[in-house]
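Given next are the chains, with one letter for each unit.
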Amino acid sequence: MQSLLPSQRRLGCSLLTVVALATGCTTMSDPVEPPPLIAVPSEASEPAPPELIPVRRYGRYTLVELAPTAAQRDLLLQTVDVSMPEDARASVADGLRHVLKRSGYQLCQFDSATTELYALPLPLAHLHLGPMTLRDALLTLAGSAWELQIDDVARQICFVRFNLSDIKSEPASGMPTSEPALTFPVSVTGVRA
């Protein structure tokens, strides 16, 4: 046998020490067996196949899904950002027609109940609406006393007055009824009569 050099002996001893320390620090335990699985027959046990959405490559790094968006499926979810023409005699009906322009919907025919709503003057706060969904814009213009009804077949928007028993007796602003509301005069400049 060849005799080992002192440096090789030290290297061998240090390797043996490292192996001894590494194996000495670990503890062996009995493997824990998981409880057996019980198969319960189920009608819905078969997973549904994943829905495949076709895609098309546009450019080097862009893939586009070939499916309609939620706003294209439900037109009332489309986002609108509307600025009304500043007309001093604008009514709620004018505002509703302006919001519905190019939305795919139109207002229902006027009846005795909605004539009252449509004849109201358009509030100054409603001259700019959005960005918000079309549904929220229509509900904002009509106010809390009116319910939105949609005829998807004719694509018409109708408003029906809430029953007075459904409306809460508390003010909508959350202000207690014992305190008077503060009002401020509004002056509109540059209005032609």
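For the structure itself, consult the block above.
Residues numbered from 1 in each chain as written. Predicted model: local features only at pLDDT ≥ 70, side-chain atom pairs only at ≥ 80, totals over all residues. Heavy atoms only, no water.

## Considerations on helix 5 (residues 134–142)
Turning to helix 5, its buried residues are Leu-134, Ala-137, Leu-138, Leu-141 and Ala-142. The buried residues of helix 5 occupy one face: seen down the axis, they fall within an arc of 130 degrees. Positive phi shows up at Gly-143, right after helix 5, with a value of about 95 degrees. (Buried < 20%, exposed > 50% of the residue type's maximum accessible area, 1.4 Å probe, protein only. Helix = DSSP H or I, 4+ residues; strand = E, 2+ residues; numbered from the N terminus. Arc of directions from axis to C-beta.)

## Some remarks on the sheet that holds strand 6 (residues 146–151)
The mixed open sheet is built from three strands, whose spatial order is 4-7-6. Only two strands of the sheet have a single partner each, and these edge strands are strand 4 (106–107) and strand 6. Where strand 6 lies against strand 7 (residues 156–161), six bridges are found, and the strand directions are antiparallel. Residue Glu-147 lies in a different strand from strand 7, and its bridge partner there is Val-160. Those strands touched by helix 5 are strand 6 and strand 7, and its axis lies near 140 degrees from that of strand 6. (Pairing = 2+ DSSP bridges. Contact = heavy atoms within 4.5 Å. Axes fitted to C-alpha atoms, helices over the stretch in contact; angles between N-to-C directions.)

## Let's talk about the state of the cysteines
By definition, a disulfide is the covalent link that joins the sulfur atoms of two cysteine residues. Summed over all chains, the structure comprises one disulfide. Paired by a disulfide, Cys-108 and Cys-158 hold their sulfur atoms 1.6 Å apart. Residues Cys-108 and Cys-158 are joined by a disulfide whose S-S torsion is about -45 degrees; by sign, that bridge is left-handed. Of this pair, Cys-108 sits in the loop between strand 4 and helix 4 (112–118) while Cys-158 sits in strand 7, placing them 50 residues apart in sequence. Each of the two residues, Cys-108 as well as Cys-158, counts as buried. (Disulfide = S-S within 2.5 Å.)

Note that all results are geometric; they support no functional claim without further evidence.
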